[in-house]
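One letter stands for each residue in the lines below.
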Amino acid sequence: MAAQIIDGKAFAATVREKVAGHVARLKEEHNITPGLAVVLVGEDPASQVYVRSKGKQTVEVGMNSYEHKLDAETSEEDLLAVVEKLNNDPEVHGILVQLPLPGHLNEDLIINSIDPAKDVDGFHISNVGLLGTGQKSMVPCTPLGCLMMLRDHHGSLSGMDAVVIGRSNIVGKPMAQLLLGDSCTVTIAHSRTKDLPDVVRRADIVVAAVGRPEMVPGDWIKEGATVIDVGINRIERDGKNKLVGDVDYASCAERAGAITPVPGGVGPMTIACLLANTVTACCRANGLAEPEGLTA
Ligand code: NAD
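Quantities reported herein were computed from a predicted structural model and do not represent experimental measurements.

### Overview of helix H2 (residues 45-60)
Under the 1.5 Å per step criterion, the end-to-end length of H2 is 23 Å for 16 residues, consistent within 8% with the ideal 22 Å. Turning to H2, its buried residues are Ser47, Val51, Lys54, Gly55, Gln57 and Thr58. Buried positions along H2 lie against helix H1 (8-30), strand E2 (35-41), strand E3 (64-70), strand E4 (94-97) and helix H10 (266-285). Just downstream of H2 lies Gly62, where phi reads positive at about 95 degrees.

Pasting the structure below:
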């Protein structure tokens, strides 16, 4: 059976369209323009690309984008002052501090200094706790994108066996919480899991967030399962640079019922969900109804 390809690029475009519609309504009916502030410390080339892309897409959906570029030697005190200013700025509804931060800065301290209501990355400890207890929170963008694609494909996820490979704070753990929230039976596998192939073979839904190129082969996949590949790995093959996921796409696509490609799967959904979170944060801040279908 050839798997259905879950087209994250196309799905992300529909999410952005929905966001743009809400932004237009907020402007027209309430004279409010949602604003997203992105703080970049240092000159990490990958981070610069992400930040540029986030800013561009923010403007494309009609929101205000504020970029704060600080040099790599910025002190913790100065960075905290920038965050504090953004926390108190009513024009700013979402704040994102681009990670990783230079080594002398305490990431946890910085992230936890963001107003949780403006924490559109969903990394603040309050949002982690709210998500873990099934309360309304800001949800990390990558797992939110995965959840949206799964809901769109399956409708209800209730009762499905889901295996999340990877237990990071930004993908694996929140992904597992979201699947639990949708009544899946969830297993979190990681580098110390015994007999990983056997664990994965039980899954109706496999979410791979490991960071190891093509680690999951097709014979680990239950016939008809849905495979969500979060991995983004740059490899060299046949003398060319290539982007591959954490699953071996060709062999997994032979057994899966549906699969996300890399590139063009989870990747484009992440920024789309950042925009969705910003419009959600803006609605909440103004006591307005939240847009439907853009939150967990
Ligand atoms: P991470 O390095 O923080 O976590 C990786 C996890 O994989 C760890 O919990 C570890 O226990 C587990 N792991 C490592 N080796 C393993 C093995 N052999 N068997 C089973 N588990 C193993 O990574 P992360 O930040 O969660 O990112 C994971 C991948 O997702 C990376 O490729 C990253 O680039 C990608 N990613 C993509 C997006 C996106 O927008 N698509 C966003 C975030 C991360």
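### With respect to the site of the ligand
The full set close to the ligand counts 22 residues, and Arg167, Ser168, Arg212, Ile232 and Thr270 are the nearest of them. Ser168 is positioned such that a nitrogen or oxygen atom in its side chain is 2.5 Å from an oxygen atom of the ligand. Between the ligand and Arg212 there is a distance of 2.9 Å, counted from a nitrogen atom to a side-chain nitrogen or oxygen. Isolated, the ligand exposes 850 Å² of accessible area, and the fraction of that covered by the protein chains is 72%. A total of 3 residues in the shell around the ligand trace back to one element, the largest contributor, which is H10. Of the residues belonging to the shell around the ligand, the class tally is 10 nonpolar, 10 polar and 2 charged.

### Some words on the pattern of salt bridges
On inspection of all chains with the given rule, the structure shows 7 salt bridges. One salt bridge in this structure joins Glu60 and Lys56, with 3.3 Å as the shortest N-O distance. On the criterion of helical spacing, the pair formed by Glu60 and Lys56 is a turn pair, its members being 4 residues apart in helix H2. For Lys56, a relative accessible area of 54% gives the class exposed.

Thresholds applied
Residues numbered from 1 in each chain as written. Predicted model: local features only at pLDDT ≥ 70, side-chain atom pairs only at ≥ 80, totals over all residues. Heavy atoms only, no water. Helix = DSSP H or I, 4+ residues; strand = E, 2+ residues; numbered from the N terminus. Expected span 1.5 Å × (residues − 1). Buried < 20%, exposed > 50% of the residue type's maximum accessible area, 1.4 Å probe, protein only. Contact = heavy atoms within 4.5 Å. Near = heavy atom within 4 Å. Polar contact = N/O pair within 3.5 Å; in protein donor to acceptor, adjacent residues only side chain to side chain. Areas by Shrake-Rupley, 256 points an atom, 1.4 Å probe, with all protein chains shown as cover. Nonpolar A, V, L, I, M, F, W, Y, C, P; charged D, E, K, R; others polar. Salt bridge = Lys/Arg side-chain N within 4 Å of Asp/Glu carboxyl O.

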